[in-house]
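One-letter residues, chain by chain:
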Amino acid sequence: MRANAAIMTLFFILAGCNTLEEASEENGADASLSAGIAALSGVAHSVSTSTGIFNRDPLRTVTACDSPPAADACSSNQRRATYTSCLTAQTEHTYSGSILLSYSATGCTLSSNGDFVTRTIDFKRILGFVDFPRFNDTTLATTTESHEDYLGNTIGGGTRLTYVGSSPTSFEIEMAGLHKILTNTGEKVLYDVSIHSVSPMTLTGDVSGDRILDGGSIQVAHNRAFYTADLTPISLHFNSKTCCHPVGGTVGVTFGGKAVGTAQVVFTTTCGIATLKRDGVDSDISLHGCE
């Protein structure tokens, strides 16, 4: 009940200044924020070898298919992972698909300034979260294929991490583009979201342990509700041994298009839950799984 109330609160807050195309949960603020946060989490875990990169929270651990692409043997300067009908415990949430890491340096190394790895993805999740009863049995597909958002921007190609230094290990991150489409069992599109970088971000720290994503921003374009959300990570803390989502820090949010205003999303060690702060109102957001 709390999650449903929070989602409706988010929508009415967002709709207060400008009316969205459709008054529905999938077009509310939580849709774009959850999609954008999952994209940030995916890039933050790109070169992690930890088996916890898909864990949404300790109670929903992955029981199979938990080997990340960075743990694969290097072949032709690539590492990959393929997943088929993988199950997340305590839910009927499953996922399938593939993730490919393509390295610029021989042997899949990231040791010299300018070495980079490009992450592309073709991934589907069948949602089964008790926190999202409206979305149960819906399918969330994420790809990095080229496409146009509702603003006419052509985006695609995944994300790139470029090695920029050691002590501590640091990467510059650019997101060329991701595409997320949520459909129901009748294959009706519930939401269609495009994500790309506005400016580069920086990832610093142990790639399989504690690290911080900071600076820069990404834009999430909601192609059915015709609004954007620019997300700026502020000391966003990740640890893929414990949770796929951020476990500390903040994401600043600036809305545009058919939604206006600013907000903050705050993270704590409570994995899978974030707090949206907007206009003096705090609302919990239950986050989708990572990929």
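Report follows, based on the coordinates. (Residues numbered from 1 in each chain as written. Predicted model: local features only at pLDDT ≥ 70, side-chain atom pairs only at ≥ 80, totals over all residues. Heavy atoms only, no water.)

1. Looking at the overall build of the chain
Rules: In this text, helices come from DSSP runs of H or I with a minimum length of four residues, and strands from runs of E with a minimum of two, each type numbered from the N-terminal end. Type-normalised accessible area, obtained with a 1.4 Å probe on protein chains alone, sets the label of each residue: buried when under 20%, exposed when over 50%, and partly exposed for intermediate values. Whether two residues touch is decided by their heavy atoms; if any such pair falls within 4.5 Å, the residues are in contact. Surface exposure here means Shrake-Rupley accessible area, sampled with a 1.4 Å probe, where a residue is shielded only by the protein chains that are shown.
Counting secondary structure elements, the chain contains 2 helices and 17 strands. Among the 291 residues that make up the chain, the fraction classed as buried is 55%. Relative to all contacts within the chain whose residues are 6 or more apart in sequence, the contacts with residues 24 or more apart total 54%. A total of about 11,300 Å² of accessible surface is found on the chain, and carbon and sulfur atoms cover 49% of it.

2. Some thoughts on helix H2 (residues 29-44)
Note the threshold: Given a helix with a known number of residues, its expected span is that number minus one, times 1.5 Å.
With 16 residues, H2 ought to run about 22 Å at 1.5 Å a step, and its terminal C-alpha atoms sit 23 Å apart, in line with that. Counting buried positions over the 16 residues of H2 gives 16, a clear majority of the element.

3. Here we look at the nonpolar core
This is how it is decided: Definition of nonpolar core: a set of buried residues of the types Ala, Val, Leu, Ile, Met, Phe, Trp, Tyr and Cys, connected through side-chain atoms within 4.5 Å.
Counting 60 residues, the largest nonpolar core has Val-253 and Val-265 as the members making the most contacts within it. Examining the composition of this core, we find that 9 residues originate from one element, H2, more than from any other. With near-sequence residues (within four places) excluded, Val-265 lies in contact with Leu-33, Ile-37, Gly-249, Thr-250, Val-251, Val-253, Ala-274, Thr-275 and Leu-276.

4. Concerning the environment of Thr-204
Tracing the backbone shows Thr-204 in strand E10 (residues 201-205). The spacing of Thr-204 and Ser-166 is 38 residues in sequence and 9.0 Å in space, taken between C-alpha atoms. With near-sequence residues (within four places) excluded, Thr-204 lies in contact with Pro-168, Thr-169, Ser-170, Arg-211 and Ile-212.

5. Details of the pairing of strand E2 (residues 94-103)
Applied cut-off: The pairing criterion for strands is at least two bridges between them, as found by DSSP.
Sheet topology note: the strand E1 (residues 78-87)/E2 ladder contains 8 bridges and is antiparallel. Among the inter-strand pairings, Cys-86 is bridged to a residue of E2, identified as Tyr-95. Bridge count between E2 and strand E3 (residues 116-126): 10 bridges; the pairing is antiparallel. The residue bridging Ser-98 from the neighbouring strand is Asp-122, located in E3.

6. Overview of the state of the cysteines
The following threshold applies: Two cysteine sulfurs form what is called a disulfide whenever their separation falls within 2.5 Å.
Tallying each qualifying case throughout the model produces 2 disulfides. The partner cysteine of Cys-74 in its disulfide is Cys-108, sulfur to sulfur 2.1 Å. For the disulfide bridge between Cys-74 and Cys-108, the dihedral angle about the S-S bond is near 75°, and by the sign convention the bridge is right-handed. Note that Cys-74 is positioned in the loop between H2 and E1 and Cys-108 in the loop between E2 and E3, a separation of 34 residues in sequence. Residue classification places Cys-74 among the partly exposed residues on the basis of a relative accessible area of 32%. A residue is classified by how much of its surface remains accessible, and Cys-108, at 7% relative accessible area, is buried.

7. A look at the packing of aromatic side chains
Quick note on the threshold: In summary, the pairing rule links any two rings of Phe, Tyr or Trp, Trp by its six-membered ring, whose centres are within 6.5 Å, and it sorts them by plane angle into stacked for under 30 degrees, edge-to-face for over 60 and tilted for everything else.
Within the structure shown, the criterion is met by 6 aromatic pairs. Ring plane angle 20° and centroid distance 5.4 Å describe the contact between Tyr-95 and Phe-123, whose orientation is recorded as stacked. In this pair, Tyr-95 sits in strand E2 while Phe-123 sits in strand E3, placing the two residues 28 residues apart along the sequence. Accessibility expressed as a relative area gives 1% for Phe-123, which makes it buried. Between Tyr-150 and Phe-226 the ring centres are 5.5 Å apart and the planes differ by 70°, which places this aromatic pair in the edge-to-face class. With Tyr-150 in the loop between strand E5 (147-148) and strand E6 (154-155) and Phe-226 in the loop between strand E12 (217-222) and strand E13 (227-239), this pair connects stretches of sequence that are 76 residues apart. An aromatic cluster is built from Tyr-83, Tyr-95 and Phe-123, whose rings are joined through pairwise contacts.

8. Details of the pattern of salt bridges
Short version of the rule: By definition here, a salt bridge exists when the distance from a side-chain nitrogen of Lys or Arg to a carboxyl oxygen of Asp or Glu is within 4 Å.
What the rule picks out here adds up to 1 salt bridge. With a closest N to O distance of 2.9 Å, Asp-282 and Lys-277 form a salt bridge.

9. A few points about the side chain of Ser-50
Looking at where Ser-50 falls in the secondary structure, it is placed in the loop between H2 and E1. On the basis of relative accessibility, which here comes to 11%, the residue Ser-50 falls in the buried class. Beyond its immediate sequence surroundings of up to four residues, Ser-50 is in contact with Pro-68, Ser-208, Ser-240 and Lys-241.

10. Some details on the pairing of E13
Where strand E11 (residues 210-214) lies against E13, 4 bridges are found, and the strand directions are antiparallel. Across the sheet, residue Ile-212 finds its bridge partner in E13, namely His-237. Where E12 meets E13, 5 bridges bridge the pair, whose relative direction is antiparallel. Bridged to Val-220 within E13 is Ala-229. Connecting E12 to the antiparallel partner E13 that follows it, the hairpin turn spans 4 residues, and Phe-226 within it adopts a positive phi of roughly 60°. Where E13 lies against strand E14 (residues 243-257), 10 bridges are found, and the strand directions are antiparallel. Paired with Tyr-227 across the bridge in E14 is Gly-257.

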